[in-house]
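# Examining the three-dimensional arrangement
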Amino acid sequence: MLHFHQKTDSVCTIILAGNPNVGKSTVFNGLTGMHQHTGNWSGKTVALATGRCKIKNHTYAFTDLPGCYSLHACSTEEKIAGSCLMGNTAHAVLVICDAVCLERNLHLVLQILAVTDNVILCVNLMDQAAKKGIHISCDILEKELHIPVIGITARRKREIRRLKTFLNTCMYEKNTVRQSFSEQNPDLSTPEIQARLASSLYQKAVCRKKQHLPSFDQALDTLFTGKYTGIFCMLLLLLGIFWITLLGANSISQVLQDVLFRLEPLLYEKLSGILPLKLCQLLVFGCYRVTAWVVSVMLPPMAVFFPLFTLLEDFGYLPRIAFNMDCCFSKCRACGKQALTMLMGFGCNAVGVTGCRIIDSPRERLIAILTNSFVPCNGRFPTILAVLTIFFATALPSDSRILHALLLAVLLTCVILFGVAMTFLASRLLSATILKGVPSSFTLELPPYRKPQICSVLLHSIINRTLLVLTRAIFAAFPAGLLIWLTANIRIDQTTLLTLLSSFLDPFARLLGLDGTILLAFILGIPANEIVIPVMIMAYTAQSSLVDFQSLSSLHTLLTEQGWTFSTAVSMLIFSVLHWPCATTLLTIKKETHSLKWTALAFLLPTCMGFLLCFLVTCFFRILSLS
Ligand SMILES: Nc1nc2c(ncn2[C@@H]2O[C@H](COP(=O)(O)OP(=O)(O)OP(=O)(O)O)[C@@H](O)[C@H]2O)c(=O)[nH]1
Ligand SMILES: [Mg+2]
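What counts, and at which threshold
Residues numbered from 1 in each chain as written. Chains lettered and ligands numbered in written order. Predicted model: local features only at pLDDT ≥ 70, side-chain atom pairs only at ≥ 80, totals over all residues. Helix = DSSP H or I, 4+ residues; strand = E, 2+ residues; numbered from the N terminus. Rg over C-alpha atoms; globule rule 2.2 N^0.38 Å. Buried ≥ 20, exposed ≤ 12 C-beta atoms within 10 Å, placed from the backbone. Contact = placed C-beta atoms within 7 Å. UniProt positions renumbered as here; feature names shortened; annotations may be inferred. Domains from an automatic or database assignment. Nonpolar A, V, L, I, M, F, W, Y, C, P; charged D, E, K, R; others polar. Pairing = 2+ DSSP bridges. Expected span 1.5 Å × (residues − 1). Near = placed C-beta within 6 Å. Core = buried A, V, L, I, M, F, W, Y, C linked by C-beta atoms within 7 Å. Bend = angle between axes of the 7 residues up to and from the residue. Axes fitted to C-alpha atoms, helices over the stretch in contact; angles between N-to-C directions. Left-handed = near helix turned anticlockwise from the far one by under 90°.

Once that is clear, we can look at the overall build of the protein chain. Counting secondary structure elements, the protein chain contains 25 helices and 10 strands. Against the compact-globule benchmark of 25 Å for 627 residues, the protein chain has a radius of gyration of 28 Å, which places it among compact chains. Classification of the 627 residues of the protein chain by burial places 45% in the buried group. A sequence separation of at least 24 residues applies to 73% of the contacts in the protein chain between residues at least 6 apart.

Here, UniProt's "transmembrane region" (unreviewed entry) annotation points to residues 228-246, 292-312, 379-396, 402-426, 467-488, 564-589 and 601-624. Structurally, residues 228-246 comprises 95% helix and 0% strand, and the distance from its first C-alpha atom to its last is 27 Å. Across residues 564-589 one finds 73% helix and 0% strand; the C-alpha atoms that close the span lie 35 Å apart.

Turning our eyes to something else, we now look at unusual backbone geometry. A positive phi angle, close to 60°, is found at His146, a residue other than glycine. The backbone of His594 sits at a positive phi, close to 50°, despite the residue not being glycine. Mapped onto the fold, His594 is located in the loop between α24 (583-593) and α25 (596-626).

With that out of the way, let us pick up the domain arrangement of the protein chain. According to the domain assignment, the protein chain consists of domain 1 (11-208) and domain 2 (229-436 + 460-626). Each of domain 1 and domain 2 was reduced to a C-alpha centroid, and the two centroids are 41 Å apart. Facing the 11 residues of domain 1 at the interface are 14 residues of domain 2. Tallied by class, residues from the side of domain 1 that touches domain 2 come to 4 nonpolar, 6 polar and 1 charged.

What follows is about the pairing of strand β3 (residues 58-64). Direction of pairing for strand β1 (residues 11-18) relative to β3: parallel, over a ladder of 6 bridges. The residue of β3 that forms the bridge with Val11 is Thr59. The pairing of strand β2 (residues 49-55) with β3 spans 7 bridges and is antiparallel. The residue bridging Gly51 from the neighbouring strand is Phe62, located in β3. Connecting β2 to the antiparallel partner β3 that follows it, the hairpin turn spans 2 residues, and Lys56 within it adopts a positive phi of roughly 45°.

What follows covers α25. Note: α-helices contain 3.6 residues per turn, so residues at a spacing of three or four share the same orientation. With 31 residues, α25 should cover 45 Å at 1.5 Å per step; its first-to-last C-alpha distance of 44 Å lies within 8% of that length. Along α25, the residues classified as buried are Thr599, Ala602, Leu605, Pro606, Gly610, Leu613, Cys614 and Thr618. Contacts made by the buried residues of α25 are with α15 (362-371), α17 (401-432), α19 (497-511), α23 (566-577) and α24.

Around ligand 1, the surrounding shell holds 25 residues, and the nearest of these are Gly23, Ser25, Thr38, Thr45 and Gly67. For the shell around ligand 1, the elements supplying multiple residues, two or more each, are α1 (24-32) and α4 (126-131). A per-element tally of the shell around ligand 1 places α1 first, with 3 residues. Among the residues making up the shell around ligand 1, the classes are represented as 4 nonpolar, 15 polar and 6 charged.

If you look at the biggest cluster of nonpolar residues, it comprises 104 residues, and the most contacted ones within it are Ala521, Val535, Met536 and Ala539. The greatest single-element share of this core, amounting to 13 residues, is contributed by helix α11 (residues 277-315). Other than its neighbours up to four places away in sequence, Ala521 contacts Val532, Val535, Met536 and Ala539. In terms of nonpolar packing, the next biggest core, distinct from the first, is built from 59 residues, Leu16, Val22, Leu145 and Ile150 among them.

With that out of the way, let us pick up helix α12 (residues 318-331). Spanning 14 residues, α12 covers 21 Å between terminal C-alpha atoms, matching the ideal 20 Å at 1.5 Å per step. Along α12, the largest kink reaches about 45° and is centred on Met325. Within α12, burial applies to Leu318, Pro319, Arg320, Ile321, Ala322, Asn324, Met325 and Phe329. Looking one or two places after α12, you find Arg333, whose phi comes out positive at around 60°.

Attention shifts here to the environment of Arg472. Examined against the element boundaries, Arg472 turns out to sit in helix α18 (residues 454-489). Arg472 sits in the partly exposed class, given 19 other C-beta atoms within 10 Å. Residues Arg472 and Asn529, 57 residues apart in the sequence, show an inter-C-alpha distance of 9.9 Å.

One open sheet holds the 6 strands; their spatial order is β2-β3-β1-β4-β5-β7, and the pairing between them is mixed. Each edge of the open sheet carries a strand with a single partner, namely β2 and β7 (149-151). Neighbouring strand axes in the sheet, compared pairwise and without regard to direction, differ in orientation by 25° on average. Alignment of strand β5 (residues 119-124) against β7, held across 3 bridges, turns out to be parallel. When the sheet's bridge partners are listed, Cys122 is paired in β7 with Ile150.

Turning to the packing of helix α5 (residues 138-145) against helix α8 (residues 191-205), a few remarks are in order. Running from amino to carboxyl end, α5 crosses α8 at an angle of 145°, the nearest separation of the two axes being 9 Å. Judged by the twist between their axes, the crossing of α5 over α8 is right-handed. Across the interface between the two elements, Ile140, Leu141 and Glu144 of α5 pack against Leu201, Lys204 and Ala205 of α8. Its residues placed into classes, the contact of α5 with α8 shows 4 nonpolar, no polar and 2 charged.

The subject of this paragraph is the environment of Cys53. The topology assignment puts Cys53 in strand β2. As for Cys53 and Lys164, which are separated by 111 residues in sequence, their C-alpha atoms are 9.6 Å apart. Contact partners of Cys53, with chain neighbours within four places excluded, come to Leu31, Thr32, Gly33 and Tyr60.

Once that is clear, we can look at the environment of Ile416. Inspection of the secondary structure assignment puts Ile416 in helix α17. Assessed through the 18 C-beta atoms surrounding it within 10 Å, Ile416 is described here as partly exposed. Considered as a pair, Ile416 and Asp64 are 352 residues apart in the sequence and their alpha carbons are 33 Å apart.

In structure tokens form, the structure reads like this:
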């Protein structure tokens with residue numbers, strides 16, 4: 001016999017467990033107000049996350065676990081979940097189930113019941129079940145399992161409030177003394193018994209009103225995962241996203257530039273009255289100008305791109321990309337799930353590296369970790385976008401804004417595809433040399449398509465992704481701006497430190513088609529890739545006479561004034577994709593691999609490939625200009 005009324009501690013601890021992609025993190029975010037990554041594919045949560053909330057004067061601490069199918073599974077993130085549940089010291093385990101495929105989810109519920117009785121069952125996605133004509137009786141489940149059961153739709157705020165009240169009732173108010181289900185079923189830990197019980201429970205508690213007919217989902221899957229149509233749709237979607245991003249970003253960028261750069265002279269006028277001239281110049285022409293640039297040029301593309309990408313993620317499209325690319329990865333002797341880690345890398349390479357835990361084979365996981373930075377992350381993405389926009393925008397006729405944006409989108413898609421091609425090449429190289437082996441088999445669940453939550457996606461991507469990256473960029477730009485300003489003003493033998501440093505790097509950089517300042521900006525960008533362009537601007541403006549730098553076109557003037565040519569822009573793009581990962585990513589690689597050797601390789605691999613390719617491209621352009 002047991003009941004939930006056993007706590008003496010001041011904080012009530014509850015673990016959230018369940019199969020992958022059943023809405024655990026959505027429930028966790030709803031309960032705690034946190035922003036754990038959610039999206040429609042399995043394996044997003046790879047580490048434990050904790051958060052607190054108060055319900056009627058009681059403090060609760062919730063732990064969000066990675067999804068797992070079984071307590072004895074072998075993948076890294078499932079092991080984390082399994083060991084947390086087996087050595088469970090929490091007051092209760094809230095098991096989240098998917099109402100659409102309850103029978104499969106019940107296996108895990110029964111396994112958890114075999115190790116602990118303090119279980120609360122939350123049947124989520126009731127809205128999806130209702131749409132499919134599935135009715136679930138929580139009363140029958142409660143009666144049969146001897147545990148509290150609630151059915152919810154976690155996306156709705158009022159349902160989360162209902163869950164909170166329900167939890168509080170279970171934990172503090174309802175002093176129900178229950179019979180233990182595991183005592184009644186002593187053989188509960190045997191898989192056969194679990195399967196039998198799950199099936200009989202399902203028969204009793206679930207009623208399917210209508211037969212599931214071949215649906216719109218299947219039609220979409222034929223299109224999105226078809227042999228030829230799959231790749232075509234993938235490219236079209238990528239192109240479409242970039243096109244909308246560029247079109248949308250242009251207008252927002254223009255407005256922001258107008259406002260922010262109009263403020264610059266006003267700010268200078270105000271500050272010059274109170275501050276020494278040099279300090280005033282540092283703050284206005286250094287820090288403010290870079291910040292204004294970061295905000296007006298970097299913010300708009302991110303603010304459009306991330307919501308679009310998140311909409312696709314919420315819709316359930318990402319695992320279909322992994323499915324389509326599986327064949328290419330297996331040809332490179334890598335794992336198809338690497339495509340998902342690359343997509344995570346689009347957001348942040350450090351997240352992508354941690355996400356590699358979804359790959360079971362250690363060899364393939366290492367390949368995915370070492371090549372993750374070949375996909376441009378949040379931080380590098382705007383730099384590439386800026387170089388393309390600045391450089392190619394003036395090179396291309398711009399009569400029609402729509403056509404112009406489309407051309408840029410094609411170019412951007414090519415840059416991303418170049419990163420993907422380099423990933424294949426590096427994966428193949430690694431698996432033919434130091435990481436030899438055959439590709440392992442794996443199962444990847446293709447989730448049902450779900451209608452994305454447009455408002456919450458917009459809010460989530462703007463607050464969590466865009467503003468986070470922007471804040472990081474501004475915070476990194478400020479000390480870098482300071483450093484650059486100092487190096488531009490400290491003189492050794494009449495030459496500024498900046499000129500000395502960039503001229504030291506210059507001969508080598510020229511071999512790569514770059515210049516000393518660009519290479520210096522990339523080196524200073526190790527803490528955060530976002531600051532490469534701002535640092536470069538600061539370094540150039542410190543050397544240049546151009547004072548009224550305001551917009552992308554004046555940046556284009558600045559760059560050409562500094563000797564940039566088409567070849568420089570191409571080398572810059574290659575080097576933006578292929579260079580050392582940022583400090584955060586390197587630290588994460590060290591944490592994940594526990595090895596300095598692999599971390600060093602993760603640094604050297606893209607860098608050497610970048611050097612080599614830039615050198616080859618520069619040679620090509622030089623030969624072309626000679627002939
Ligand atoms: N329609 C609907 N969608 C939901 C509901 N709950 C969650 N979702 C969606 O289901 C998807 C998966 O949710 P997550 O919270 O990321 O699932 P998870 O269990 O944490 O997934 P993993 O961490 O990968 O195991 C997301 O796209 C959610 O928006 C719901 O009640 N109704
Ligand atoms: Mg999760």
